[in-house]
Amino acid sequence: MRYRHLTTAALALGLVLLTDVLRVWLPSIITIFGQAASTPAELMGAFALGWFLLALAAPPLVRRIGAGRVTLAAAVLLAAIRLALTAAPGGRTQLWLATAGLLAGLLWLAGVAAGTPRPVPGLALGLALAAVGHALLDTYDLVWRGDWLAWSASGVLVALFLATAVPRPSSRPTEPAAGGGRAWLLAGPGLLLAGMVALSPALAGTAMSYWYGPGDGIAGPPPLGLALAGGAIGLFVLAALAPVRRWWPAAPVALLLGALLFALDRPALLVPAVLLTAVGLGGCLARTDAPAPGTEPEPGAEPGAIVEPGPIVEPALGAEPAPRAEPARAGAVTVGAGVPASGAAAGPPAQPATVGTGESGDDAAPGPARADLRRSYAAVAGMLVFAVAAIGYYAAYDLGYPNGWAPVAVAALVAGVAVTAPTPARRPPATLPPVRTAAALAAVTLLAAWGHGPWLVASNRPGPPQTVRLVAYNVRMGFGLDGRFDLTGLARVVSAERPDVVVLSEVDRAWLLNGGHDTLTLLAKRLDMPYVFAPAADPVWGDAVLSRWPTTAPRTRALPAVGAPTGAQALAVDLDLGGGVRLAVVSTHLQPPPDQEPVVQARAVAEFATGYAAGRPLVVAGDLNTEPGEAAFAEFTRAGLVDALATARPLPTSPADDPRQQIDHVLVSPGLAASGAVAPRSEASDHLPVAVTLTLP
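Since we're looking at a predicted model, the values are computed, not measured.

Analysis parameters
Residues numbered from 1 in each chain as written. Predicted model: local features only at pLDDT ≥ 70, side-chain atom pairs only at ≥ 80, totals over all residues. Heavy atoms only, no water. Helix = DSSP H or I, 4+ residues; strand = E, 2+ residues; numbered from the N terminus. Buried < 20%, exposed > 50% of the residue type's maximum accessible area, 1.4 Å probe, protein only. Contact = heavy atoms within 4.5 Å. Areas by Shrake-Rupley, 256 points an atom, 1.4 Å probe, with all protein chains shown as cover. Phe/Tyr/Trp six-rings, centres within 6.5 Å; stacked < 30°, edge-to-face > 60°. Lys NZ or Arg CZ within 6 Å of the ring centre and 35° of its normal. Core = buried A, V, L, I, M, F, W, Y, C linked by side-chain atoms within 4.5 Å. Patch = residues over 30% accessible without salt bridge, like charges linked within 9 Å, V, L, I, M, F, W, Y side chains within 5 Å. Salt bridge = Lys/Arg side-chain N within 4 Å of Asp/Glu carboxyl O. Pairing = 2+ DSSP bridges. Axes fitted to C-alpha atoms, helices over the stretch in contact; angles between N-to-C directions. Parallel < 35°, antiparallel > 145°, perpendicular 65-115°, else oblique. Left-handed = near helix turned anticlockwise from the far one by under 90°. Nonpolar A, V, L, I, M, F, W, Y, C, P; charged D, E, K, R; others polar. Right-handed = clockwise from strand over helix to strand, strands pointing away. 1 Å grid on protein atoms, 1.4 Å probe; cavity = no way out; pocket = protein on both sides within 12 Å on 5 of 7 lines; lining within 4 Å. Points joined across faces, edges and corners; volume = space filled by probe spheres on them. Expected span 1.5 Å × (residues − 1). Arc of directions from axis to C-beta.

### A look at the overall build of the protein
Looking only at helices and strands, the protein features 21 helices and 14 strands. Evaluated residue by residue, the protein yields a buried proportion of 59% over its 697 residues. Restricting the contact set of the protein to residue pairs at least 6 apart, pairs at least 24 apart contribute 79%. A total accessible area of about 25,200 Å² is found for the protein, and carbon and sulfur atoms account for 62% of it.

Here it is, written out as structure tokens:
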């Protein structure tokens, strides 16, 4: 493998591993360190940000010890922790393992940056591969599975990374080089925008579900939901690897426009937001992809004549330094350390410069060493931008301030770096074939879209049933009390009740903070039940109704915030049970204001639900954050609804490991008779589900 290909592959695979670790570490901050929302958001943010600030010590360490040694040690540690996370530890073990993996990843990134002045091909390929892998897995990461597939695929990924990351004598570059700082500065912002918007398969599937949804602002299962992700990945890779000078100024505009559309929180705008952000991010990365000084090809030279610098590999202790080679002539490819290909003349031996260690040999110029340090600092600073923007965006849902500025500000930073980048005298050679690479990655994603569907159809058994079994469950974005993404546990406890209708609260469909999963689609497939989804906090976080019977006439109503930072809504659907029998179902999750009852929201839901039912049998279910006898609960009984769980009281549902509060409820119109109410024990969420059988009039 040519050196430039080896460098690109190592960077890309390392970025995939770092992304995997982040998909564990970020939700662990909320579910493990956060202790089920009992920890202040400010403390969680300080804990998360502190590790990125600590990583600022990585560049001096790289300079003192040497880029090659630091990179190799960090790569081995990152690979080992990535495998350890597959062992499904959960709890504080998971939190600290993921934290150690994060630090190893940041240290590895700083080491790689010190020796790689042209990172854009590797960065673009790594972001794209992480997205393609997530699509192939239907957004259900290997680290959460723990089965033979998870171990096999994780082992192959780690082995490939180590095989490319281990320095080889034949991989030594001939000369250190300056440049690349701008591109490395965009590594962190690019990771944020890719994971949050541009290359998120979960967001792409959610965006498509709104386009195929049954109503305005209401989502349903789309055919080929991940197809949009294939288009976004292809456009991103093509723009990043094959920039066209005449249209590159459109890239910053597209990026800013895409981020702005995403920040508007309008479901209908998600599709153009994804596509614009993808092509804009790729184009801005391409703009910073300039060859380092002294490495540009001579006029008429073949692309293979480029001597691409890369990580500095220090000689073994006591070994003689390798002789320095002169730059290759046009048409010759430099292979290995100072060993020219056929037809190239080797330069005279010279004392090598010790680059990246803070010391210089007799012939060393301080410029390249300073450039190594600048690249290293740029990479860590870019990841600090990632941390600040991610924490700032998601902390808003606890602290209650506008958060749309975060993706727009990061997009503006990326656009500014791209616009101010100097124009290279000549276009750099392509490390990867742009069109073929983009087409291949897009095709794989489209195949994943075909394979995953979703193919969900309501069964609609003949004739109206006599009873309907209903389950209401706050699924906490799919994370159990141990902090692991537990789809199996969720599906098992729900399936055991053999439900006809499932009402879900706290459904996450693409939050980067929670790993970027489409929890609703994953759970709906396991239950084999189509869904209707309505947003609450933003277009990818809200409430859902799953039903084995066809749903019609869906409606959603936003509830008054009354001081609660997280949004709330009520989703109503009409179930067609056959034979002219219908059942109105309303799913909601009340968000109480600080130290108060959600009285205003309860009154709004009761009025909306009774008006929607218009005399038909009615069910209102979900996490109501109020207990029987309290003022908010009384708003439902005052509207004529009956507690369907009354005969099983007390029926506490929270917290799941020691339930004391009765805050998850099912309320029905007087014509519905309730029986068999239970709250089955499970720690797949921080709440217990409630299940009840309703006998139709």
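### As for the packing of aromatic side chains
Applying the stated criterion to the full structure yields 18 aromatic pairs. Between Y397 and W511, the aromatic rings sit 4.8 Å apart at their centres with planes inclined by 25°, giving stacked as the arrangement. With Y397 in helix α15 (residues 366-399) and W511 in the loop between β4 (501-508) and α19 (519-527), this pair connects stretches of sequence that are 114 residues apart. Across this residue pair, the class does not change: Y397 and W511 are buried. Aromatic side chains F608 and Y612 sit 6.3 Å apart centroid to centroid with 35° between the ring planes, which places their arrangement in the tilted category. Pair noted here: F608 and Y612 are both in helix α20 (residues 599-613), with a separation of 4 residues, about one helical turn. Site record: aromatic cluster; members linked through ring pairs are F262, Y393, Y394, Y397, W511 and W541. Taking the ring centre of F533 as reference, the NZ or CZ of R509 above it sits at 5.2 Å.

### Some points on the nonpolar core
Counting residues in each nonpolar core, the largest one holds 153 residues, and the members touching the most others are W25, W184, L504 and L546. The element best represented in this core is helix α1 (residues 3-33), accounting for 15 residues. Grouped together as the second largest cluster of nonpolar side chains are 32 residues, V503, W549, V573 and A679 included.

### Considering a nonpolar patch on the surface
Side chains of L53, L56 and Y377 sit close together on the surface and give an oily, nonpolar patch of about 240 Å² of accessible area. With respect to the secondary-structure elements, Y377 resides in helix α15. Using a relative accessible area of 35% as the deciding quantity, one classes Y377 as partly exposed.

### Some details on the sheet that holds strand β14 (residues 690-695)
In space, the 6 strands of this open sheet follow the order β5-β6-β4-β3-β14-β13, with mixed pairing throughout. Only two strands of the sheet have a single partner each, and these edge strands are β5 (531-538) and β13 (673-678). Neighbour-to-neighbour, the strand axes of the sheet open up by a mean angle of 20°, direction not taken into account. Here 4 bridges tie β13 to β14, and the two strands are oriented antiparallel to one another. Bridge pairing in β14 places A673 opposite T695. Here α19 sits on the sheet and contacts β4, β5 and β6 (541-547); the angle it forms with β4, its principal contact strand, is near 155°.

### Points about the packing of helix α2 (residues 41-54) against helix α5 (residues 91-115)
Where α2 contacts α5, the axes come no closer than 9 Å and their chain directions differ by 30°. Judged on the interaxial angle alone, α5 and α2 are roughly parallel. Of the two possible hands of crossing, α2 and α5 adopt the one that is right-handed. Contacts from F47, W51, F52 and L54 of α2 reach α5 at L95, W96, T99, L102, L103 and L106. A per-class count over the contact of α2 with α5 returns 9 nonpolar, 1 polar and no charged.

### As for the pairing of strand β10 (residues 618-623)
A large share of β10 lies buried, amounting to 6 of its 6 residues. Sheet topology note: the strand β9 (residues 582-589)/β10 ladder contains 6 bridges and is parallel. In the sheet register, V586 faces β10, and the bridge partner there is V620. In this fold, the crossover linking β9 to β10 by way of α20 has right-handed handedness. Across 5 bridges, the pairing between β10 and strand β12 (residues 664-668) is antiparallel. Of the residues in β12, the one forming a bridge with V619 is V668.

### Considering the sheet that holds β9
Overall, mixed pairing links the 6 strands, which are arranged β7-β8-β9-β10-β12-β11 in an open sheet. Two strands in the sheet have a free side with no partner beyond their single neighbour: β7 (551-558) and β11 (642-643).

### As for the pattern of salt bridges
For the structure on display, the rule yields 14 salt bridges. Residue K525 is joined to D138 by a salt bridge in which the shortest nitrogen-to-oxygen separation is 2.7 Å. Of this pair, K525 sits in helix α19 while D138 sits in the loop between α6 (120-136) and α7 (142-145), placing them 387 residues apart in sequence. Judged by its relative accessible area of 10%, D138 falls in the buried class.

### Things to note about the side chain of S505
Along the chain, S505 falls in strand β4. Residues in contact with S505, not counting those within four places in the same chain, are Y473, N474, V475, R476, G542, D543, T588, H589, G622 and D623.

### Thoughts on unusual backbone geometry
Both trends apply: most residues other than glycine have a negative phi, and most peptide bonds are in trans. The residue after R649, namely P650, is reached through a cis peptide bond having omega 0°. Residue position: P650 is located in the loop between β11 and β12. A cis amide bond links S654 with the next residue in sequence, P655, at an omega value of -10°. The topology assignment puts P655 in the loop between β11 and β12. A positive phi angle, near 50°, is found at R498, a position not held by glycine. Relative to the helices and strands, R498 is located in the loop between α18 (487-495) and β4. A positive phi is found at N625, a non-glycine position, where the angle reads about 50°. Secondary-structure assignment places N625 in the loop between β10 and α21 (631-638).

### A word on the layout of surface pockets
By volume, the second largest pocket amounts to about 550 Å³. The wall of the second largest pocket is formed by 24 residues, among which V16, L129, G133, L136 and L157 lie closest to the centre. Of all the secondary-structure elements, those providing two or more residues to the lining of the second largest pocket are α1, α6, α8 (148-165) and α17 (434-452). Of the residues forming the lining of the second largest pocket, the biggest block, 7 residues, is contributed by α6. Of the residues that constitute the lining of the second largest pocket, the class distribution is 16 nonpolar, 4 polar and 4 charged.

### A word on the environment of A390
Along the polypeptide, A390 turns up in helix α15. For A390, a relative accessible area of 6% corresponds to the buried category. Sequence separation between A390 and L193 is 197 residues; the distance between their C-alpha atoms is 9.8 Å.

### A short note on helix α4 (residues 67-85)
Helix length check: α4, at 19 residues, gives a terminal C-alpha distance of 27 Å against a target of 27 Å (1.5 Å per residue), a fit within 8%. Among the residues of α4, A67, G68, V70, T71, A74, A75, L78, A79, I81, R82 and L85 are the ones counted as buried. Angularly, the buried residues of α4 cover 165° about the axis, an arc narrow enough to put them on a single face.

### Structural notes on the environment of L241
You can see L241 is positioned in helix α12 (residues 227-241). Taking the C-alpha atoms as reference points, L241 and P434, separated by 193 residues in sequence, lie 5.2 Å from one another.

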